[in-house]
Amino acid sequence: MSTLPEDASQNGNARSMEIPFTVGETEEYDLSRLLDRPRTLNVERQRSCDERSLSELSIGLSPHLPRNVDYTFRIVDHPDVVFSPGRRSGFNTPRSLYGFEPHPMVAEAWEALRRSLVFFRGQPVGTIAALDSSDEKLNYDQVFVRDFVPSALAFLMNGEPEIVKNFILKTLRLQSWEKKIDRFHLGEGVMPASFKVHHDPVRNNETLMADFGESAIGRVAPVDSGFWWIILLRAYTKSTGDASLAERAECQKGMHLILSLCLSEGYDTFPTLLCADGCCMIDRRMGVHGYPIEIQALFFMALRCALSLLKQDAEGKEFVERITKRLHALSYHMRSYFWLDLKQLNDIYRYKTEEYSHTAVNKFNIMPDSLPEWIFDFMPTRGGYFVGNVGPSYMDFRWFCLGNCIAILSSLATPEQSTAIMDLIESRWEELVGEMPMKVCYPAIEHHEWRIITGCDPKNTRWSYHNGGSWPVLLWLLTAACIKTGRPQIARRAIELAEARLLRDNWPEYYDGKHGRYIGKQARKFQTWSIAGYLVAKMMLEDPSHFGMVALEEDKQMKPLMKRSSSWTS
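Residues numbered from 1 in each chain as written. Predicted model: local features only at pLDDT ≥ 70, side-chain atom pairs only at ≥ 80, totals over all residues. Heavy atoms only, no water.

**Comments concerning the pattern of salt bridges**
The cut-off we apply is this: Any carboxyl oxygen of Asp or Glu within 4 Å of a side-chain nitrogen of Lys or Arg constitutes a salt bridge here. Secondary structure elements are taken from DSSP: a helix is a run of H or I of four residues or more, a strand is a run of E of two residues or more, and numbering for both begins at the N terminus. Residue burial is assigned from relative accessible area. The probe radius is 1.4 Å, only protein chains are included, and a residue is buried under 20% of its type maximum, exposed over 50%, and partly exposed in between.
Per the counting criterion, the structure on display carries 17 salt bridges. When the shortest N-O distance is used, the salt bridge between Arg 146 and Asp 224 registers 2.6 Å. Here Arg 146 is found in helix H2 (residues 145–157), whereas its partner Asp 224 is found in helix H4 (residues 223–240), with 78 residues between them in sequence. Classification of Arg 146 as buried rests on a relative accessible area of 10%.

Structure (structure tokens):
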């Protein structure tokens, strides 16, 4: 671990740098405009930077969005969506709407979430991974970047942005420290996977200790941390309407360092990012090396978020140009080659192989015999999804929840593809949701394939942990995707399933079994992101305007002409 010393006393406040510049502002788009009643806010809202169409980048910030355009994502077509007239306040449990009492779990969840807070010199800077005292701590007593995201969203939705601001700035400080594994130095822009507060009772001070992968299982650096950091910075800006944090010189530099890493040119022939196994939520060997959907979707979303956060100075404009080019290539590549529906499946089934030329149809030389038997029954007549991985002579046909939900929220998926993903979830509810939402991936790998791919990992046995386990934290992503696609009834059904067990089971990290019936064999109890994921899902469903901080509208300029199938074998 790397250690971050501070100059302040143990109970002092960290000093912040004031930067005397601003960027031009545009009126933020907020779903609250659709409400019949005005919303009373307990915090002062300012205008924030909005997302810009790629076609508008050359002429600066986009104009104000017209009020007569339908940006509802079909939310208003569903009477079971409940709108909240006001933001939650202070450290109180969120109140119920229209006088109805909230579900008893909500108060319990907030109490548990607040118990997980981590303080550094008197200021809250994050939440620990789990509060389960019955098991060995390992690294569950640390603040993980990816784990904190649902906690941060919960606090933002409850009108408590200060902890999120503190987290953003502390992790930014950690990014600047030397990162070394054995004799090799990591890239300057790498964000930590996690950090913890070290108390020195002798000197009566506190320091931060960060893990950039040197202590992780498999010693893999977290590729997703930097993307989540950018996404969270944008969520903070959208929620508070305060762009001053993103405008700070240190935040701009942090984004530049992350973008320099992922936009650097190399030997790749694809716009996707090449990654090692275990570099994201699935942090153990699970055959996700190469071009995993989770990283590609987060990469896409982080790039789009960065467009609304970068200053329009010389360096910022250079990054905007690079991002714009990459987004066009990445969106086409993902929508064309990662997308699978019944027609595409049938086309792959009839592929010719060993093609050589620019006119090749089977560009990745995928062997039809590599199609797994389960995919033919799993694929519904209506529906589709982004497959787990695509590379040379390789296609991972597994369904991965996080990558597909982020694809919807970031508009990597077209509206038609987003609808198809939700159709698939509804059609395969028992397989993907079962008794506890939601499968991190489907199906599980087992037998000889499990031995080869996982290296006989005892934690990733079939239908357990990352190998087909059910993770309650994914509830917030599913809910956000449901709201964007106008299907809140799916989210409501999933939340009711979670409410039947989560509190009674003491908020497990994950569930095992083909239908998610059993508490995971090594699952920690009082897992913070299980708690926060439930709260975020509840608050978004009650007040869908919250979901604007985690969703991006479609950029029409990136919509490809899907003519690929016309040249395929007939």
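**Re the packing of helix H7 (residues 293–309) against helix H11 (residues 401–409)**
Threshold: Structural elements are reduced to axes, namely lines fitted to C-alpha atoms, with helices fitted over the stretch in contact, and the angle between N-to-C directions of any two is expressed from 0 to 180 degrees. Throughout this description, any angle smaller than 35 degrees is read as roughly parallel, any larger than 145 degrees as roughly antiparallel, any in the 65 to 115 degree range as roughly perpendicular, and the remainder as oblique. When the near helix sits turned anticlockwise from the far one by under a right angle, the crossing is termed left-handed; a clockwise turn instead gives a right-handed crossing. Contact definition: two residues touch when any of their heavy atoms are within 4.5 Å. Asp, Glu, Lys and Arg are counted as charged, while Ala, Val, Leu, Ile, Met, Phe, Trp, Tyr, Cys and Pro are counted as nonpolar; the rest, among them Gly, fall into the polar class.
Running from amino to carboxyl end, H7 crosses H11 at an angle of 25°, the nearest separation of the two axes being 8 Å. Judged on the interaxial angle alone, H11 and H7 are roughly parallel. Pair H7 / H11 crosses with left-handed handedness. Residue-level inspection shows Ile 293, Glu 294, Ala 297, Leu 298 and Met 301 of H7 in contact with H11, the latter providing Leu 402, Gly 403, Ile 406 and Ala 407. For the contact of H7 with H11, the residue count by class is seven nonpolar, one polar and one charged.

**A few points about unusual backbone geometry**
Phi is mostly negative for residues that are not glycine, and the peptide bonds are mostly trans. The residue after Pro 437, namely Met 438, is reached through a cis peptide bond having omega 5°. Tracing the backbone shows Met 438 in the loop between helix H13 (429–432) and strand E14 (441–442). Omega for the bond connecting Tyr 442 with Pro 443 falls within 30 degrees of zero, at -5°, which places this linkage in the cis form. Along the chain, Pro 443 falls in the loop between E14 and helix H14 (447–454). Even without being glycine, Arg 121 reaches a positive phi, approximately 55°.

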